[in-house]
Structure formats: structure tokens, C-alpha cells
Amino acid sequence: MNYIGKVYRPPSEAYSFIVQATVGCAHNSCTFCSMYKEDRFAIRPLEDILRDLEEGSRLYPWKKVFLADGDALVMKTKDILTILKYIYDHFPAVEQVTSYATVQDILRKSPEELKSLRKAGLQMLYIGMETGSDKLLEKIKKYVTPKEMVEAFRKVKDAGFKSSVTLISGLGGLELSCEHAIESAKVISQAPPDFLAFLTLYLEPGAPMYEDLLSGRFQYMTPEESLYEIRLFLSHVNAPNTIFRANHASNYLALKGVLNKDSEKMIHEIDEVLSKHAFKPEYLRGL
Ligand code: SF4
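Report follows, based on the coordinates. (Residues numbered from 1 in each chain as written. Predicted model: local features only at pLDDT ≥ 70, side-chain atom pairs only at ≥ 80, totals over all residues. Heavy atoms only, no water.)

1. Some words on the site of the ligand
Phase 1: Taken together, Cys25, His27, Asn28, Ser29, Cys30, Phe32, Cys33, Met35, Tyr36, Thr102 and Lys142 make up the full set of residues near the ligand.
Phase 2: For the shell around the ligand, a count of residues per class yields six nonpolar, four polar and one charged. (Near = heavy atom within 4 Å. Nonpolar A, V, L, I, M, F, W, Y, C, P; charged D, E, K, R; others polar.)

2. Quick look at the packing of aromatic side chains
Phase 1: Per the stated rule, a full pass over the model turns up ten aromatic pairs.
Phase 2: Plain terms: the ring middles of Phe66 and Tyr126 are 6.1 Å apart, the flat faces sit at 70° to each other, and that makes the pair edge-to-face. In this pair, Phe66 is assigned in strand E4 (residues 64-68) and Tyr126 in strand E6 (residues 122-130), connecting sequence segments 60 residues apart.
Phase 3: Here Phe66 falls in the buried class, since its relative accessible area comes to 0%.
Phase 4: Between Phe198 and Phe244, the ring centres sit 6.4 Å apart and the planes meet at 65°, which makes this aromatic pair edge-to-face. Of this pair, Phe198 sits in strand E8 (residues 195-200) while Phe244 sits in strand E9 (residues 243-246), placing them 46 residues apart in sequence.
Phase 5: By relative accessible area, Phe198 is classed as buried at 1%.
Phase 6: Judged by its relative accessible area of 0%, Phe244 is buried.
Phase 7: Members of the aromatic cluster, connected to one another through ring pairs, are Phe17, Tyr60, Trp62 and Phe91. (Phe/Tyr/Trp six-rings, centres within 6.5 Å; stacked < 30°, edge-to-face > 60°. Helix = DSSP H or I, 4+ residues; strand = E, 2+ residues; numbered from the N terminus. Buried < 20%, exposed > 50% of the residue type's maximum accessible area, 1.4 Å probe, protein only.)

3. Comments concerning the pairing of E6
Phase 1: Within E6, eight of the nine residues are buried, leaving the element largely enclosed by the surrounding structure.
Phase 2: When strand E5 (residues 96-101) meets E6, the two strands line up parallel, connected through five bridges. Within E6, the residue paired with Ala101 across the bridge is Ile127.
Phase 3: Pairing analysis gives six bridges linking E6 to strand E7 (residues 162-169), with the strands arranged parallel. Within E7, the residue paired with Ile127 across the bridge is Val165. (Pairing = 2+ DSSP bridges.)

4. Describing the pairing of strand E1 (residues 17-20)
Phase 1: Side chains of E1 alternate between two faces, with Phe17 and Val19 and Ile18 and Gln20 buried alike.
Phase 2: As judged from the four bridges shared by E1 and E4, these two strands associate in the parallel manner. Note that in E4 the partner of Phe17 across the bridge is Val65.

5. As for the side chain of Ser133
Phase 1: Within the secondary structure, Ser133 is located in the loop between E6 and helix H5 (134-139).
Phase 2: For Ser133, the side chain forms a polar contact with the main-chain nitrogen of Leu136, separated by 3.0 Å.
Phase 3: For Ser133, the side chain forms a polar contact with the side chain of Glu179, separated by 2.9 Å.
Phase 4: Setting aside anything within four residues of it in sequence, one finds Ser133 in contact with Glu179, His180 and Glu183. (Polar contact = N/O pair within 3.5 Å; in protein donor to acceptor, adjacent residues only side chain to side chain. Contact = heavy atoms within 4.5 Å.)

6. Quick notes on the packing of helix H7 (residues 177-190) against helix H9 (residues 223-236)
Phase 1: As a packed pair, H7 and H9 sit with axes 8 Å apart at the nearest point and diverge in direction by 35°. With respect to the hand of their crossing, H7 and H9 are arranged in right-handed fashion. Contacts between H7 and H9 involve Ser177, Cys178, His180, Ala181, Ile182, Ser184, Ala185, Ile188 and Ser189 on the former and, on the latter, Glu229, Leu232, Phe233 and His236. (Axes fitted to C-alpha atoms, helices over the stretch in contact; angles between N-to-C directions. Left-handed = near helix turned anticlockwise from the far one by under 90°.)

7. Overview of the pattern of salt bridges
Phase 1: On inspection of all chains with the given rule, the structure shows 14 salt bridges.
Phase 2: Of the charged contacts in the structure, one is a salt bridge between Glu272 and Lys276, with a shortest N-O distance of 3.2 Å. Here Glu272 pairs with Lys276, and both are found in helix H10 (residues 263-276), just four residues apart, close to one helical turn. (Salt bridge = Lys/Arg side-chain N within 4 Å of Asp/Glu carboxyl O.)

8. Considerations on the packing of helix H1 (residues 46-59) against helix H2 (residues 77-90)
Phase 1: Closest axis-to-axis distance for the H1/H2 pair is 10 Å, and the angle between their directions is 15°. One way to sum up the angle between H1 and H2 is to call them roughly parallel. Here H1 and H2 pass one another in a crossing that is right-handed. Residues Leu46, Ile49, Leu50, Leu53, Glu54 and Ser57 of H1 form the contact with H2, whose own contacting residues are Asp79, Thr82, Ile83, Tyr86, Ile87 and His90.
Phase 2: For the contact of H1 with H2, the class distribution of residues is seven nonpolar, three polar and two charged. (Parallel < 35°, antiparallel > 145°, perpendicular 65-115°, else oblique.)

9. What to know about H9
Phase 1: With 14 residues, H9 extends 20 Å from end C-alpha to end C-alpha; this agrees with the ideal 20 Å at 1.5 Å per step.
Phase 2: All of the buried residues in H9 are Pro223, Ser226, Leu227, Glu229, Ile230, Phe233 and Leu234. Each buried residue of H9 sits inside an arc of 150° when the element is viewed along its axis, so together they form one side.
Phase 3: The inward-facing, buried residues of H9 contact E7, H7, E8, E9, strand E10 (255-258) and H10. (Expected span 1.5 Å × (residues − 1). Arc of directions from axis to C-beta.)

10. Some points on the nonpolar core
Soluble globular proteins tend to pack their nonpolar side chains together in the buried interior.
Phase 1: Counting 64 residues, the largest nonpolar core has Leu67, Phe153, Phe233 and Phe244 as the members making the most contacts within it.
Phase 2: Core analysis: the second largest hydrophobic core is formed by twelve residues, Phe32, Leu136, Ile168 and Leu203 among them. (Core = buried A, V, L, I, M, F, W, Y, C linked by side-chain atoms within 4.5 Å.)

Without other data, these values stay purely geometric and don't point to any function.
Given below as C-alpha cells:
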């Protein structure tokens, strides 16, 4: 198998066969992200991808396959269809194929293209939303608007995909915290995903915001402020049946539940922890 650079995957894909369809991220400008800053974006030749799949299919009866890297959906639809057909022809035990996707990738595809990908067995898309605040989206160089996010999430749902969306607590610092929480809740309420994960900002060398942190131009929020932000989000979001998780290694408090059914319960858990100052210690946080 040929892996170029560091390969990232969502935590839930820990037991998946990972095939690198693209290298890096076509967007690669988000200022909080260090993942692919050293990689030059490329779409791998189809024959190389199929060769890796062939090798992988001989290793183990994989149930799940993840198409890496940062936004494999950027590939031409006909090439993704070829990959999907190869997977389903050569991985007899496969039950799920997933990939990361950016809002731009989704909007670039027609509804028919998305439906054809879904029909061919691409089941779920992982989408980094990060925030629903227009101001913050511009600041982090995400280059999409909240309106485009809603459109993309609806398009994905209409095509029959499951979607897993991530938000990042602390992304705008204390200054934009309320706006970040409330505007994110508005986007999610308009187009609820199947899964929603709230991570907490954890900057690493290579991310432009890491430089801002070192120079003092940006400050992390405290654990209390971060939990207040998630609390504010939970008190504003209306997304019945979305499975909510804030149990990533980066979070100060592990939360899980189903919106809206468990929203009050999770708010109560936050209040309890806030009153006791019982946060996860900093040394246990990480990615
Ligand atoms: S956050 Fe996602 S879209 Fe943004 S640069 Fe990183 S991998 Fe690319």
C-alpha cells in the first residue's frame, strides 16, 4: 500500500480499510488546521488507487472502507463510481464506504451525481462545518457561507446520504463565542445532520492560528468558557433525532445524547461540572 504524508481519518473509522484516493486537501486554507499543510494536493491516478484496493482486499475481510484524504469527494464522479464498484466487487464483507467532503465539493456536484454515488454505495459523508458564524467562517478562511452550508447539508440528505458534521468549540475565542454558538445552532436547526460532533479547539504546529496563539494574537478559551459555549449551542439548537457527541479527546467534558430529547439533560450535566469545576485536566486532552 502506498500512503503519502500523514493519513487522517475520523475516530469512528478506526477499524476501516483506508485507501488514499487523494493526497492532502484541495481547500487547505483553514487557519486552525495543520493536517495537510505540508502536502501538495493531488488526485491519485485511478490505477494506483485500484492497486491499493486490490492489495487491501487480500489482507482482511474489511467491513468498512474509508476514502482518504481530506476531501475525496472532490474527485470526478465517474472516478469515484469506478472506485466504489471495485470495492463492492472485491471486498465481499464490506458494509460501509465513507469519505470526508467539503461544502464546496457537495455544491459542485449535481443532485443526480450525488444520487448516483449514494446508489453505488457511498453511504456517509464527514463534513467539517466548524461554525455557522459568517464572520468566523471568513476569519478562519473556510470560504463558505452559512447559507451554502444549509444548501449542501440538504442536498446530501436529499440524495440519501448519512452525514456526520463537526463543530469546534473555542474557534472564535471569547470575542466571537456567543455568535459562534448561536449561528451554528441556526445552521444545524435548518438542516440537521444524522450525527453532530462538537470538538474543542486544539491547535498544533503548522496551523496559522498556532502562530497567533504563540504571538498572543489569539487566546484559547478557558474550560468554563468552552462549556458555556456548548451550553449556549444546546439551548438554541432544534434538531430532533440528531445524534450529538462531544466526547472527543479534545473536549473538557464528555457529552452524548440525542437532540432535542437529551438537550436539557446535557445542559444539566454541563451545569453540574461547571459548579464543581470538574473538567478534564489539560494534560489528558489531545487529538
Ligand atoms: S479543516 Fe478540512 S477543509 Fe479545512 S484545510 Fe483542514 S482538511 Fe482542508
